[in-house]
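# Per-entry structural report
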Amino acid sequence: MSDARAALDRITQMEDGPEGLNAFLALATPGDLDVRAVGRLAGVPVAVKDNLSTAGLPTTCGSRLLEGYQAPYEATVVRRLRDAGAVVIGKTNLDEFGMGSSTENSGFGPTLNPHDRSRVPGGSSGGSAAAVAAGYTTMALGSDTGGSVRQPASFCGVVGIKPTYGRVSRYGLVAFASSLDQVGTLGRTVSDAATLLGVIAGHDPRDATSADTPVPDFTSDVGRGVEGMVVGVPAEYFPEALDPAIKELIDKALARLVGAGARLQDVSLPSTSFAIPSYYVLAPAEASSNLARFDGVRFGVRQSGPDIASMYERTRAVFGDEVKRRIMLGTYALSSGYYDEYYGTAQRARSLVAQDFAGVFEQVDVLFTPTAPTPAFALGEHTNDPLAMYLSDVFTVTANLAGIPAMSVPVGEVDGLPVGGQVLAPWWHESAMLAVAGALEASLAGSAP
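The text that follows walks through the structure, step by step, so that each part is easy to find. (Residues numbered from 1 in each chain as written. Predicted model: local features only at pLDDT ≥ 70, side-chain atom pairs only at ≥ 80, totals over all residues. Heavy atoms only, no water.)

### A closer look at the overall build of the chain
To be explicit about the condition: In this description a helix means any DSSP run of H or I spanning at least four residues, a strand means any run of E spanning at least two, and both kinds are numbered starting from the N terminus. Note that the radius of gyration is over C-alpha atoms, with the globule rule given as 2.2 Å times the number of residues to the power 0.38. Contacts are assigned to residue pairs that have any heavy atoms within 4.5 Å of one another.
A tally of regular secondary structure across the chain gives 14 helices and 11 strands. Over its C-alpha atoms the chain spans a radius of gyration of 21 Å, differing by no more than 12% from the 22 Å that the globule rule assigns to 449 residues. Judged by the C-alpha coordinates and their principal axes, the chain covers about 70 × 60 × 45 Å. A separation of at least 24 residues holds for 76% of the contacts in the chain among residues at least 6 apart in sequence.

Structure (structure tokens):
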């Protein structure tokens, strides 16, 4: 039996049973598994987040508004998967239009964390992270706007990579916040996630934000070690309120890097405090513009007749609360009289965050921080407290604001729940980031880095 057929059988059996995680919104059919058995990922099943356009499978973005929608074209990253011989095994669950940090905001129900089904898998790429953590697949694609690959990777105990903005094509990724969105990869190991990144990366003339930058062999960096590298430890990512158990795991990870030949250096990123407030102005503002196209006339409405008012009410009713909240926040920030006060100020704060990184990366090769301030929280814990939900991204949004690459790698567990450490690198230096992640993974497994 092929790997893809075995994976499909396993997913179907598990997801249809009482232990199902609701990780997938659509699955391939057995007839879809017959692909050419050549290429870098020949026959490998890969899960794809359901905000990436796919031929033959629906693209719903986790929204009832797009239930049953079939995209007329395929995302570049999905086409590159198929060209490499991979099998798109199914589309994974997500917070509606990528707006959330727990995958509880999906119009098709929440995804559960495979380590503890009473807890969230993180978001918005929670379905992809859960699918990898549960062993349904070894690799998955997600998207990362403010930590939506890295935070669920941390919560589910897998590896998650957000590349440099422009490293991977966004063509076919349904936009949330266009200046922040980036397709990312998840894998059971650093090598898996790096291999997948190497397949999807590269210039795409269909995407004006895609950079014509050479793509190195990322997998060769995973095992090259960290001898002589300087790892920065930013004070702002270790506040007094940080869970002591998480700080202990991060400190142990740093000690393992020193044991592998790296040198630590304390650094400061003083504009970090601006990250969350600026992100939650900029992202909703861009979302309000991007989602204006879903006006009930062209998408999501399945009714006859010219009753435009009825179509509008239908669209408004189908959007979830979090999507409506962000559209309203963004529209307000862009409104006449408030544009410069809110949106303009947030853009200036964003520039300060990027300047901080540029200055620090003149002193160090990479930075190492916690990925999230807590392990996976309970289902429903933050449902009625949006601010607490937003703060779960406090350590991840900075990378999106600056456009730098960042990734999460498992560093241990707290009370049986996975915890991730975050590696951040200068623009286009994913290789340094992967070297550090590979060394951490090897040291945690007890082997030589």
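That covers the picture; the talk isn't over yet.
### Overview of the sheet that holds strand 1 (residues 24-27)
Rules: Should DSSP find at least two bridges between two strands, the strands are taken to pair. To get an axis, fit a line to the C-alpha atoms, keeping to the stretch in contact for a helix; angles then go from 0 to 180 degrees between the N-to-C directions.
Strand order across the open sheet formed by 11 strands is 1-3-2-4-6-5-10-11-9-7-8, with mixed pairing between neighbours. Each edge of the open sheet carries a strand with a single partner, namely strand 1 and strand 8 (263-267). Neighbour to neighbour, the strand axes of the sheet diverge by 30° on average, direction disregarded. Judged from the eight bridges that link them, strand 10 (residues 406-414) and strand 11 (residues 417-424) form a sheet pairing that is antiparallel. In the sheet register, alanine 406 faces strand 11, and the bridge partner there is leucine 424. This element, helix 7 (residues 244-259), spans strand 7 (230-234), strand 8, strand 9 (366-370), strand 10 and strand 11 of the sheet and lies at about 115° to strand 10. The strands touched by helix 14 (residues 430-444) are strand 5 (159-162), strand 9, strand 10 and strand 11; relative to strand 10, the strand with the most contacts, the crossing angle is about 15°.

### Observations concerning helix 11 (residues 339-360)
Going by this rule: Any helix carries an expected span of 1.5 Å times its number of residues minus one. Relative accessibility decides the category of a residue: with a 1.4 Å probe and only protein chains considered, values under 20% of the type maximum give buried, values over 50% give exposed, and everything between is partly exposed.
Taking 1.5 Å of rise per residue, the 22 residues of helix 11 would be expected to cover 32 Å, and the 31 Å separating its terminal C-alpha atoms lies within 8% of that figure. For helix 11, the complete set of buried residues consists of Tyr343, Gly344, Ala346, Ala349, Arg350, Val353, Asp356, Phe357 and Val360. The elements touched by buried residues of helix 11 are strand 8, helix 8 (275-290), helix 10 (321-333), strand 9, helix 13 (397-402) and strand 11.

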